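Spelled out, the chains give:
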Amino acid sequence: MLIASLIIVVIALVFATAKLRMHPFLALLLAAFAMALAGGIAPKEAVSIINDGFGGTLGYIGIVIALGTIIGVILERTGAAIVMAEAIIRLLSDRFPNFTVSLIGYIVSIPVFCDSGYVILNSLKNAMAKKTGISVVAMSVALATGLFATHNFVPPTPGPIAAAANLGIADSLGLVILMGLLVAAVTAIVGALWASRYSDPANEAELLEPDPISEAVGEEIEEPEPDMAHRPSTLASFMPIIAPIALICLGSIASLATRDAEPGFVADFFIFFGQPVVALAIGVIFALTLVKGGDKKDRFHQMTVDGILLSAPIILITGAGGAFGNVLRSTPLGDQLGAMLTGLGLGLFVPFIIAAALKSAQGSSTVALVTASTLVAPLLPDLGLDSDMGMVLAVMAVGAGAMTVSHANDSFFWVVSQFSRMKVSTAYKTFTTATLLQGISAMITIYILGLILV
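Predicted, not measured: the structure shown is a model, and the values here were computed from it.

A. Quick look at the nonpolar core. Within the largest apolar cluster, 133 residues are counted, with the highest numbers of intra-cluster contacts made by Tyr 118, Leu 121, Phe 153, Phe 324 and Ile 446. The leading source of residues in this core is helix H7 (residues 136-153), at twelve residues. Contact partners of Tyr 118, with chain neighbours within four places excluded, come to Lys 125, Ser 140, Leu 143, Ala 144, Leu 147, Phe 412, Val 415, Val 416, Phe 419 and Ser 420.

Printed below as a string of structure tokens:
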């Protein structure tokens with residue numbers, strides 16, 4: 001009954017947002033209450049769980065979204081985003097822009113959480129779409145799927161590290177990384193190919209929501225033209241993006257290197273500055289140097305106001321998605337799915353199916369990776385996966401399931417759809433379907449590798 005209730009609630013959520021045009025924030029809160037009641041949670045406790053889920057999600061990503069949006073507005077208004085797009089096109093050519101932005105996401109998400117990576121790279125993606133004449137929808141899906149690929153397979157992202165530890169292969173992270181890079185490359189290519197279906201900008205207006213600033217003031221306004229009279233240098237343009245990414249990378253490396261020991265001063269230094277909030281704040285400082293000409297204080301103030309205005313609905317919707325996911329995690333849904341699927345005896349497909357069920361049910365890829373690997377660990381000998389390579393492939397299978405699929409209960413779904421201004425129905429058709437194809441293609445790749453290596 002609980003699984004059936006989830007299916008009904010998700011269908012109702014899609015109908016309410018896509019057809020009835022209910023705002024996702026309200027729809028997600030209603031869905032969270034409905035699932036809490038269906039899961040036997042008392043109304044008073046349900047409110048507490050929803051509050052915890054909302055606050056817990058925003059405690060991690062809320063400030064990151066606000067700072068990242070401010071950086072994005074500054075990059076766009078100062079012309080820096082165009083400078084970056086031109087530099088990347090000169091370096092990699094403009095023949096395959098979807099694959100280019102997917103490659104950027106694939107690299108960035110190895111040390112950076114995919115939602116933070118998307119926030120940081122959003123303005124660059126928009127500039128590249130404008131410069132190459134490719135639909136924003138296509139570029140958004142390509143970037144998101146590139147980020148999502150390595151997020152689920154390649155340490156030092158916490159999910160794959162935890163899965164490797166739970167399955168007894170933590171001492172061979174190098175092998176997990178190598179195999180993860182291979183499987184993630186396949187899924188990134190699949191995501192970019194799917195995104196290419198939407199490259200034509202002709203129908204873009206039908207797929208996107210109106211500009212939120214225009215909606216807020218109640219009239220259509222023109223997007224301010226970039227200030228190309230004070231065109232920034234290429235290095236200065238990249239620094240608001242490169243600096244946060246570099247700091248987060250160094251922080252991830254320092255955390256990984258000292259996970260079994262007490263970090264020293266240098267490691268503590270990089271771990272502190274590698275926190276996304278701190279790294280993005282430094283990115284804002286670099287972005288401030290791009291504001292030239294006129295009254296810099298007034299221009300920076302206005303850009304900050306516009307960034308906050310743009311980020312507010314994204315923050316609320318992302319928090320509501322986190323509340324929905326937290327309700328699902330508080331029900332026995334995960335235990336029921338695990339018990340139902342562990343006895344199927346399908347080899348590598350068992351960890352994949354368990355992780356996919358958990359991911360689709362509760363939204364978090366990291367939670368799916370950790371929970372599914374815990375459930376699968378005792379089954380490895382019976383599945384014939386108790387060798388080193390078998391355990392590595394089991395980690396990969398869990399990662400493949402943990403990306404199948406991203407939808408309304410996943411905060412990343414809302415980060416992608418809201419930053420891209422996609423209609424909810426568009427996001428399901430483009431991004432959710434892409435994650436399904438990524439998961440399936442990853443599992444096929446892993447199965448073939450299992451036939452060869454195990």
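Further notes follow.
B. Spotlight on helix H5 (residues 97-108). End to end, H5 covers 17 Å across twelve residues, agreeing with the expected 16 Å (1.5 Å per residue, within 8%). Among the twelve residues in H5, nine count as buried, and that is most of the element. For H5, the full list of buried residues reads Pro 97, Asn 98, Thr 100, Val 101, Ser 102, Ile 104, Gly 105, Tyr 106 and Val 108. Each element contacted by the buried residues of H5 is listed here: helix H4 (80-92), helix H6 (114-132), H7, helix H9 (173-196) and helix H12 (234-257).

C. Region of the structure containing H7. For H7, built from 18 residues, the straight-helix expectation of 26 Å at 1.5 Å per residue is met to within 8% by its first-to-last C-alpha distance of 26 Å. Most of H7 is tucked away: 18 of the 18 residues are buried.

D. Layout of the side chain of Gln 438. Mapped onto the secondary structure, Gln 438 falls in helix H22 (residues 424-453). Of the residues examined, Gln 438 reaches a relative accessible area of 0% and is grouped as buried. Within polar-contact distance, the side chain of Gln 438 engages the backbone oxygen of Thr 145 at 3.0 Å. Look past the residues within four positions of Gln 438 in its chain and what remains in contact with it is Thr 145, Phe 148, Ala 149, Thr 187, Ala 188, Val 190, Gly 191 and Met 403.

E. Examining the packing of aromatic side chains more closely. Under the counting rule described, the total for this entry stands at 13 aromatic pairs. Where Phe 269 meets Phe 270, the ring centres are 5.4 Å apart and the plane angle is 80 degrees; that geometry is what we call edge-to-face. Looking at Phe 269, the relative accessible area reads 39%, which means it is partly exposed. The partly exposed category is assigned to Phe 270, whose relative accessible area is 26%.

F. Examining a nonpolar patch on the surface more closely. A contiguous nonpolar patch, built from Phe 349, Leu 436, Ile 440, Ile 444, Tyr 447, Ile 448, Leu 451, Ile 452, Leu 453 and Val 454 and spanning about 910 Å² of accessible area, is present on the exposed surface. Top element by residues in the nonpolar patch is H22. It accounts for eight residues. Inspection of the secondary structure puts Ile 448 in helix H22. Residue Ile 448 is classed as partly exposed on the basis of its relative accessible area of 45%.

Thresholds applied
Residues numbered from 1 in each chain as written. Predicted model: local features only at pLDDT ≥ 70, side-chain atom pairs only at ≥ 80, totals over all residues. Heavy atoms only, no water. Core = buried A, V, L, I, M, F, W, Y, C linked by side-chain atoms within 4.5 Å. Buried < 20%, exposed > 50% of the residue type's maximum accessible area, 1.4 Å probe, protein only. Helix = DSSP H or I, 4+ residues; strand = E, 2+ residues; numbered from the N terminus. Contact = heavy atoms within 4.5 Å. Expected span 1.5 Å × (residues − 1). Polar contact = N/O pair within 3.5 Å; in protein donor to acceptor, adjacent residues only side chain to side chain. Phe/Tyr/Trp six-rings, centres within 6.5 Å; stacked < 30°, edge-to-face > 60°. Patch = residues over 30% accessible without salt bridge, like charges linked within 9 Å, V, L, I, M, F, W, Y side chains within 5 Å. Areas by Shrake-Rupley, 256 points an atom, 1.4 Å probe, with all protein chains shown as cover. Salt bridge = Lys/Arg side-chain N within 4 Å of Asp/Glu carboxyl O.

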